[in-house]
Amino acid sequence: MLYKSLISLYGSSLAGKSAPKDDLIWHFTPSDDLRQFRVYALDALQQAKVFLLDHLAAAYTDTLHDAVSKQAEEAGVPAMAILGEVKLPAPVVWVEFDDRELGVARFERASPVTRHDEKPLGTGLRGYLLDDRNEGHLRITMFHRRENSRVVDPICALLVKRTPTGQLNYDDVEVELSRSVVDFRVRSGDTMEMIQGRRTVHQVETGYDLFIPYALFAMLVSPDLGGIIPTETETFTAKDTKTARKFGKSWILGAQKSHLTIRIGPQAAAHMAERTARLEFERQTLEARNGPVRHWVSEHERHYRSGKVVLVKGHHRGQAPDPNLPTRVMGPKLEEFEFDLPEVVPSKPE
């Protein structure tokens, strides 16, 4: 669990007990800026209400994003705006999911975001730390630990400013760059262009998947968006606590002892099964219907790895379409489950 890893890493580093092999940035490029960030992050993590989505729950929550994307485009507003003003369940919240499993689920269900991908994207664990304690802005820090790699501090955080009436304005977002991470990247050999690319990728990934925690919060309070089952789960066991006391690991003793694991229920499982069946039917139908359309191939040369060159004369290729073939085929339709979202009228700028 990424949450536990961050608590352990940041606590041990601030106590002077972290090993260089586990915490390269702390030992390679120490700075007051990095210390201040970790003091803040550890305190926020210890106070956070923690949610862990299993891979099915993350995929199910992400289908809501697909469902509202078209509606958002037509209205000319971000997908987040379709959810309306969603209140955080606590002043500080941590939401974690498996980014690799989510990437696979997106690819398999042909999510619009994967339309240009040749394989599933996403790797490792991802966690959102949402801090709503400041009256002027909401601080969003996304942590991402890639597979087979150590935890690296985020290169930037997003500060979503508030309007005079206290509402979040997602058109007014400040990107707060981490000077310590930039210094670490420079000393590691990255050019400023590479660092700018890392910052851009991190910012885009943070903004896009921010929909997942907010969709979760909406589902938790709305029966119409139901299908998820929260279960209280032990984070730090009695053995963990006993060991922490023995070795003076106060950072573990001060953390939340449990979190809410989010799984899907029968309603959500039926929805996901229907989507999978429909996608498979459409795939098989397209494979059966879609052959090469008859067309003319001009004379050209074909080059082989051996160096051999063959002149291919002009010829027709493919088959003429069957005039009796229907242009649209509908798949099997089980009892439909749709997300019932209230109509949202974009608010006028303050």
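Draft legend 1. Quick peek at helix α3 (residues 32-47). Between its first and last C-alpha, α3 extends 23 Å over 16 residues, near the 22 Å set by a 1.5 Å rise per residue. All of the buried residues along α3 are Leu34, Arg38, Ala41, Leu42, Ala44, Leu45 and Gln46.

Draft legend 2. Looking closely at the confidence of the model for the chain. Confidence in the prediction of the chain, expressed as mean pLDDT, is 83, and 85% of residues score 70 or more. Across residues 325-339 the pLDDT falls below 50, and counting only partners more than four positions away or on other chains, this stretch makes 25 contacts in the model.

Draft legend 3. The side chain of Arg139, seen in detail. Note that Arg139 resides in strand β4 (residues 137-145). We classify Arg139 as buried; its relative accessible area is 18%. At 2.5 Å, the side chain of Arg139 and the side chain of Glu176 are in polar contact. Sequence-distant contacts of Arg139, defined by excluding residues within four places in its chain, comprise Tyr40, Leu129, Leu130, Asp131, Ala157, Leu158, Leu159 and Glu176.

Draft legend 4. Representation of the environment of Gly248 in the model. Position of Gly248 relative to the elements: it lies in the loop between α10 (238-246) and α11 (250-253). Overall, the relative accessible area of 43% leaves Gly248 in the partly exposed class. With 233 residues separating them along the chain, Gly248 and Ala15 place their C-alpha atoms 9.9 Å apart.

Draft legend 5. Structural context of the pairing of strand β8 (residues 258-264). In terms of strand pairing, strand β1 (residues 49-53) meets β8 through three bridges, oriented parallel. Opposite Leu53, over in β8, you have Ile262 as the bridge partner. Pairing between strand β7 (residues 228-234) and β8: seven bridges, direction antiparallel. Bridge pairing links Ile228 to Ile264 in β8.

Draft legend 6. A look at the packing of aromatic side chains. Per the counting criterion, the structure on display carries eight aromatic pairs. The interplanar angle of 70° and the centroid separation of 5.8 Å between the aromatic rings of Tyr214 and Phe217 together place this pair among those described as edge-to-face. Placement of both Tyr214 and Phe217 in helix α9 (residues 211-221) is noted, with a separation of three residues, approximately one turn of the helix. Its relative accessible area of 2% is what places Phe217 among the buried residues. Among the aromatic side chains, those forming a connected cluster through ring pairs are Tyr3, Tyr10, Phe37, Trp94 and Phe143. Here Arg139 stacks its cationic end above the ring of Tyr40, 5.4 Å away from the centre of that ring.

Draft legend 7. How the structure looks around the sheet that holds β4. The eight strands lie next to each other as β6-β5-β4-β3-β2-β1-β8-β7, forming an open sheet whose pairing is mixed. One side of each edge strand has no neighbouring strand; the edge strands of this open sheet are β6 (168-177) and β7. The mean angle between the axes of side-by-side strands here comes to 25°, regardless of whether they run parallel or antiparallel. Where helix α6 (residues 99-108) meets the sheet, its contacts fall on β2 (92-98), β3 (125-131) and β4, and the angle it forms with β2 comes to roughly 60°.

Draft legend 8. Examining the packing of helix α8 (residues 192-209) against α9 more closely. Following both chains from N to C, one finds α8 and α9 inclined at 15°, their axes separated by 5 Å at the closest point. On the basis of the axis angle, α8 is roughly parallel to α9. Across the interface between the two elements, Gly207, Tyr208 and Asp209 from α8 touch Phe211, Ile212 and Pro213 from α9. Classifying every residue of the contact of α8 with α9 gives four nonpolar, one polar and one charged.

What counts, and at which threshold
- Residues numbered from 1 in each chain as written.
- Predicted model: local features only at pLDDT ≥ 70, side-chain atom pairs only at ≥ 80, totals over all residues.
- Heavy atoms only, no water.
- Helix = DSSP H or I, 4+ residues; strand = E, 2+ residues; numbered from the N terminus.
- Expected span 1.5 Å × (residues − 1).
- Buried < 20%, exposed > 50% of the residue type's maximum accessible area, 1.4 Å probe, protein only.
- pLDDT = per-residue confidence, 0-100.
- Contact = heavy atoms within 4.5 Å.
- Polar contact = N/O pair within 3.5 Å; in protein donor to acceptor, adjacent residues only side chain to side chain.
- Pairing = 2+ DSSP bridges.
- Phe/Tyr/Trp six-rings, centres within 6.5 Å; stacked < 30°, edge-to-face > 60°.
- Lys NZ or Arg CZ within 6 Å of the ring centre and 35° of its normal.
- Axes fitted to C-alpha atoms, helices over the stretch in contact; angles between N-to-C directions.
- Parallel < 35°, antiparallel > 145°, perpendicular 65-115°, else oblique.
- Nonpolar A, V, L, I, M, F, W, Y, C, P; charged D, E, K, R; others polar.

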